Structure formats: structure tokens, C-alpha cells
Amino acid sequence: MKRILIIEDDKSISEILKDYLEMSGYEVKCVFDGDSGLECIKNEDFDLIILDLMLPQKDGFDILKEVADTKQIPILIVSAKGEETYK
């Protein structure tokens, strides 16, 4: 079974994503801050990471940098940031 890690501080968004993905047959783990997300990435194997950019503790940009240096995992970024700079 494919495993997905959701790193999103908004618990309602995390739960909606988790429910939808589990109904589609994926195993999903949710964490709600950057430090917990990095800990999961270091200690577990995932097939995909869904990552919010604005997180408590470490932000999504820091996570992207660390993951890119150590693992080959696809990352889907979700963010409320609408400015062109962030896109």
C-alpha cells in the first residue's frame, strides 16, 4: 500500500485530505508542525509528502531543503499564499 505523509497545521484540512486519500486506498499519516514532519521523514518511508509551506516550528521551505538533500520523495505543496513570488 502506498504511504502518504501530510504535513499541515490546519487539522480540518488534514482530516479532509486524509479521509479522501484513505477512501482511495492509501495509508496516510498526518502531522501538524515542521519538526514532527521532519522526524517522520527521517524515520519512516513515504511515497508522497503533501506539504504546507506555513507551519509552526520549521516551515515548509526548510523541510523542502532538508528533504531534497537526503531523499528522493515527491512533494506536493499546498499553501494559502497567493502572491506570485511564492508560486
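To be clear, the structure that these remarks concern was listed above.
Residues numbered from 1 in each chain as written. Predicted model: local features only at pLDDT ≥ 70, side-chain atom pairs only at ≥ 80, totals over all residues. Heavy atoms only, no water.

(A) Quick peek at the packing of aromatic side chains. Evaluation of the coordinates by the stated rule reveals zero aromatic pairs. Sitting above the plane of the phenylalanine 32 ring, lysine 11 keeps its charged end 4.8 Å from the centroid. (Phe/Tyr/Trp six-rings, centres within 6.5 Å; stacked < 30°, edge-to-face > 60°. Lys NZ or Arg CZ within 6 Å of the ring centre and 35° of its normal.)

(B) Examining the sheet that holds strand β1 (residues 3-7) more closely. If you trace the four strands from one edge of the open sheet to the other, you get β2-β1-β3-β4, paired in parallel fashion. The sheet is open, and its two borders are formed by β2 (27-31) and β4 (75-78), each paired with just one other strand. Strand after strand, the sheet turns through a mean of 15° between neighbouring axes, direction not considered. Note that β1 and β2 share five bridges and pair parallel. Within β2, the position partnered with isoleucine 6 by the bridge is cysteine 30. Together, β1, β2 and β3 (48-52) form the strand contacts of helix α2 (residues 34-43), whose direction differs from that of β1 by roughly 160°. (Pairing = 2+ DSSP bridges. Helix = DSSP H or I, 4+ residues; strand = E, 2+ residues; numbered from the N terminus. Axes fitted to C-alpha atoms, helices over the stretch in contact; angles between N-to-C directions. Contact = heavy atoms within 4.5 Å.)

The quantities given are spatial measurements derived from coordinates; they are silent on function.
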